[in-house]
Amino acid sequence: MQAIGLHFGHDASGAVLDQGGLTQFLNKERRTRVKHALGLSSDDLRELLEGAPADVLLGLCSTQLVPMFHDADVEITMAGGEAMGAEDFFGRIPAGHHYRRLIPWHADFLGRGGALVRENFPYYSAANEGFNQSYEAMAMVGAQTPALSRAMHIDGELRLDGRAYRARFYQHHYLHAQYAAYAVSPDRPALVISADGGVGPSFAGGGVYFWTPGQKLQAITPTDGWLGEFYDTVASMLGLGDSGGAGKLMGLAPYGRPIYFDAALVGTRWQITDQYKVGMREVIQRWFARQRIDAAKLVAWNTFDETPPNLVADIAASAQLLLEHNVLAIQRAAQAIARRAGFQYEQIALTGGLALNCPANSNLSVVQDVPVVVPAAVNDEGLSIGAAVAAYFDAHGVYPAPPASYAEAVYLGADILQPDVSAAAERHGWRRVEDVDPLKRTCALLLGDQAVGICSGRSEVGPRALGHRSILANPASAGSWAAVNRLKRREPWRPFAPAVLQSESATYFDRGPAESRYMLFNYRSRTQALPAVTHFDHTSRLQHVGAETGLLHDLLLAMTEVGAPGVLMNTSFNGPGVPIVETADDAFAEATKLGLGYILTDFGLFMGPAAP
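Reading guide: rules and limits
Residues numbered from 1 in each chain as written. Predicted model: local features only at pLDDT ≥ 70, side-chain atom pairs only at ≥ 80, totals over all residues. Heavy atoms only, no water. Helix = DSSP H or I, 4+ residues; strand = E, 2+ residues; numbered from the N terminus. Rg over C-alpha atoms; globule rule 2.2 N^0.38 Å. Buried < 20%, exposed > 50% of the residue type's maximum accessible area, 1.4 Å probe, protein only. Phe/Tyr/Trp six-rings, centres within 6.5 Å; stacked < 30°, edge-to-face > 60°. Lys NZ or Arg CZ within 6 Å of the ring centre and 35° of its normal. Pairing = 2+ DSSP bridges. Axes fitted to C-alpha atoms, helices over the stretch in contact; angles between N-to-C directions. Contact = heavy atoms within 4.5 Å. Core = buried A, V, L, I, M, F, W, Y, C linked by side-chain atoms within 4.5 Å. 1 Å grid on protein atoms, 1.4 Å probe; cavity = no way out; pocket = protein on both sides within 12 Å on 5 of 7 lines; lining within 4 Å. Points joined across faces, edges and corners; volume = space filled by probe spheres on them. Nonpolar A, V, L, I, M, F, W, Y, C, P; charged D, E, K, R; others polar.

### Quick look at the overall build of the protein chain
Then, in step 1: A tally of helices and strands in the protein chain yields 20 helices and 25 strands.
Then, in step 2: A compact globule built from 612 residues should have a C-alpha radius of gyration of about 25 Å, and the protein chain, at 23 Å, falls within 12% of that.
Then, in step 3: Referenced to the eigenvectors of the C-alpha coordinate spread, the extents of the protein chain come out at roughly 70 × 60 × 50 Å.
Then, in step 4: Expressed as a percentage of its 612 residues, the buried residues of the protein chain come to 61%.

In structure tokens, the structure reads:
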């Protein structure tokens, strides 16, 4: 028994599942070295479909309202779908749209065909009519019948190399929720919330879902989401970029005061857009006007200044607080729905891109009576796993085995093998440091304020580097913050995260959930001894490290053996504008480009041309 998930949108990916769990995962951006890469090639499909049984069901998905672009030797048809070539699609969006930066991995991407499946899945019923008019109205939604969940897909077909495959296109946020249930709550009932952004009032902006292990995931009501679009647009207007700006805005917010908080921006999309009549940029411009913010001043600042201007920081802080108020209101509405429906849950699972906002996750978690959990690939990369899980259940009536451990849930990418490491090191002019204990020597380098790359085992799923493709530094040295930002060509005010032994976490951090394996929660720093990983507001975005993490865990133990804290600065192994490294060759090439001097691998410590 098998199912295959194919995500064709940005952060494209593919996943293969059998009854034992996930057997294969393809991350398009890591493979092509194009950040947020859009689309899958026919060779990608051949790789994922190799050996698939005749009755396999393919779960398909894309970014909302983006066609599933494919090569000429692939044909995708969906009931009610529209054939749309890439040239036609890109002709309909602005010339400077950031989607154009996601396609250079394919020399003739604009010549591709595509199948557009519109996100007009049903959302209204007698149980939720008028849900979008306020969060209070959303809280009055009644329990839905299974029919709504059965309507979260459209049947179709994919043809490749003369073979036809049964296919099922699933609604975008339904798959975010399915992935979260499978990855972080496989054996516990959960209230699942996705509240990102899309066209209202449909599920395209996120939804509330009931998850009961062993049963079909139940779609309950849309959240009329707009928060992801709002946060991205504010980031763009502050000069932080159209792609990746949200993460920068999150790091910028602690420098400011939320003095521009505006209660008029706490509500559903229907409310804040004047019943869907106003676009997001105009919503923000109206906000600025009400708060007497001079938007003309925003274009004047240099994002590489040591500290951001007060105006910019205060807008960021206000946007963050607005996001958190809305997330809390959606969560309260979802809990009210569950109470009215008699749905008993043991966890709240957050999913979708908005769940990358660590302060919002953390502030929600500390006011709940049940754990708040967030999976590693809440970005669109995780959709292929959700599609494979949903297709598996629809085809076989049961779910595949969930991840047996943290490692099985997150370390899903390409493996690092000794011949590849040796060949890559030689190719890029690196040499193995012989006749030393690699861990002890790495500890000495870190304590001497040298940054060290780590390249170990299979790569991480999701946008966070979790110790298999990371750059590490000494968190106790105040200079590490500035030095690593310079190394990575990042803005100097952007913070870094600590990786900490789970057993030592309470010594240094508090006010957070019991576990944070995926670096998606903030904690309060209890010490002044870790300045490089303590943000301006005294918070830290933690990664708890256990033995399953492998080499990073061993290195943290080695740090404690030499009398240092079991904590390291952990940031992604990449430079500006490119994905996290995947292969050994990626790692040595990127380290050489950045001027990083050392890389620790499972097969020893290596020294590069930039080593002192």
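Once the structure has been displayed, the description carries forward.
### Observations concerning the packing of aromatic side chains
Then, in step 1: Applying the stated criterion across every chain, the model contains 25 aromatic pairs.
Then, in step 2: Relative to Phe 588, the ring of Trp 430 lies with its centre 5.4 Å away and its plane at 70°, an arrangement referred to as edge-to-face. Note that Trp 430 is positioned in the loop between α15 (418-427) and β16 (431-432) and Phe 588 in helix α20 (residues 584-594), a separation of 158 residues in sequence.
Then, in step 3: The buried category is assigned to Trp 430, whose relative accessible area is 6%.
Then, in step 4: One aromatic cluster is present, built from ring pairs that chain together Phe 69, Phe 89, Phe 90, Trp 105 and Phe 109.
Then, in step 5: Stacked on the ring of Trp 105, the Lys or Arg Lys 28 has its end atom at 3.8 Å from the ring centre.
Then, in step 6: It is Arg 517 that lies over the ring of Tyr 406; its NZ or CZ is 4.7 Å from the centre.

### Here's the deal with the sheet that holds strand β1 (residues 2-7)
Then, in step 1: Sheet architecture is open: 7 strands sit in the order β3-β2-β1-β4-β10-β9-β6, paired in mixed fashion. Sheet topology places β3 (21-27) and β6 (74-78) at the edges, where each strand pairs with a single neighbour. For this sheet, the mean inter-axis angle between neighbouring strands, taken without regard to orientation, is 25°.
Then, in step 2: Against the sheet, helix α6 (residues 172-184) contacts β2 (13-18), β3, β4 (57-61) and β10 (163-170), and its axis sits at roughly 90° relative to β10.
Then, in step 3: Along the sheet, helix α13 (residues 383-396) contacts β1, β2, β3, β4, β9 (153-160) and β10; its crossing angle with β1, the most-contacted strand, is approximately 145°.

### Structural notes on unusual backbone geometry
Then, in step 1: Here the bond from Gly 200 into Pro 201 is cis, since omega is 0°, no more than 30 degrees from zero.
Then, in step 2: Assignment of secondary structure puts Pro 201 in the loop between β11 (190-194) and β12 (207-211).
Then, in step 3: In the Ramachandran plot, Arg 489 falls in the positive-phi region, its phi being about 60° despite a non-glycine side chain.
Then, in step 4: With respect to the helices and strands, Arg 489 occurs in the loop between α17 (479-488) and β19 (497-501).
Then, in step 5: With a relative accessible area of 41%, Arg 489 lands in the partly exposed category.
Then, in step 6: Its identity as a non-glycine residue notwithstanding, Met 519 has a phi of 60°, on the positive side.
Then, in step 7: In this structure, Met 519 sits in the loop between β20 (509-510) and β21 (521-525).

### Regarding the sheet that holds β16
Hydrogen bonding along the main chain pairs the strands of a sheet, whether they run parallel or antiparallel.
Then, in step 1: Taken in spatial order, the 10 strands line up as β16-β25-β24-β17-β18-β23-β19-β22-β21-β20 in an open sheet, and their pairing is mixed. At either margin of the open sheet sits one strand with a lone partner, and together these are β16 and β20.
Then, in step 2: As defined by bridge partners, β19 adjoins strand β23 (residues 567-572) across 4 bridges and the pair is classed as antiparallel. Considered in β23, the bridge of Ala 497 is made with Asn 570.
Then, in step 3: Those strands touched by helix α19 (residues 551-561) are β17 (452-455), β18 (469-473), β19, β22 (539-545), β23 and β24 (598-601), and its axis lies near 80° from that of β19.

### A few points about the nonpolar core
Then, in step 1: Counting 176 residues, the largest nonpolar core has Leu 6, Leu 58, Leu 60, Leu 158, Phe 230, Leu 238 and Trp 287 as its most contacted members.
Then, in step 2: The biggest single contributor to this core is helix α11 (residues 310-341), with 15 residues.
Then, in step 3: If sequence neighbours within four positions are ignored, Leu 60 has contacts with Leu 6, Phe 8, Met 68, Ile 76, Met 78, Ala 167, Arg 168, Phe 169, Tyr 170, Leu 175 and Ala 387.

### Notes on empty space enclosed by the protein
Then, in step 1: For the structure shown, the criterion picks out 3 cavities of 30 Å³ or more.
Then, in step 2: What the largest cavity holds in volume is close to 120 Å³.
Then, in step 3: Around the largest cavity, the lining is made up of 13 residues, and of these Ile 193, Ala 195, Val 327, Leu 350 and Leu 354 lie nearest the centre.
Then, in step 4: Secondary structure elements with two or more residues in the lining of the largest cavity: β11, α11, β14 (347-351) and α12 (358-365).
Then, in step 5: Taken together, Leu 22, Tyr 179, Tyr 182, Ala 183, Ile 385, Pro 403, Glu 408, Ala 409 and Leu 412 make up the lining of the second largest cavity.
Then, in step 6: For the lining of the second largest cavity, the elements supplying multiple residues, two or more each, are α6 and α14 (406-410).
Then, in step 7: Taken together, the residues of the lining of the second largest cavity break down into 8 nonpolar, no polar and 1 charged.

### Focus: the pairing of β12
Then, in step 1: Taken across its 5 residues, β12 has 5 buried, putting it largely inside the fold.
Then, in step 2: When β11 meets β12, the two strands line up antiparallel, connected through 5 bridges. The residue bridging Leu 191 from the neighbouring strand is Phe 210, located in β12.
Then, in step 3: Summarising the sheet, β12 and strand β13 (residues 218-222) pair through 4 bridges and their orientation is antiparallel. Paired with Val 208 across the two strands is Thr 221, which belongs to β13.
Then, in step 4: If you look at the hairpin formed by β12 and β13, you'll find 6 residues sitting between the two strands, and Gly 214 has a positive phi there, around 85°.

### Points about the environment of Phe 109
Then, in step 1: Tracing the sequence through the fold places Phe 109 in the loop between α3 (86-91) and β8 (113-116).
Then, in step 2: Those residues in contact with Phe 109, other than ones at most four positions away along the chain, are Leu 38, Phe 69, Ala 86, Phe 90 and Ile 103.

Coordinates in, geometry out; function isn't part of it.
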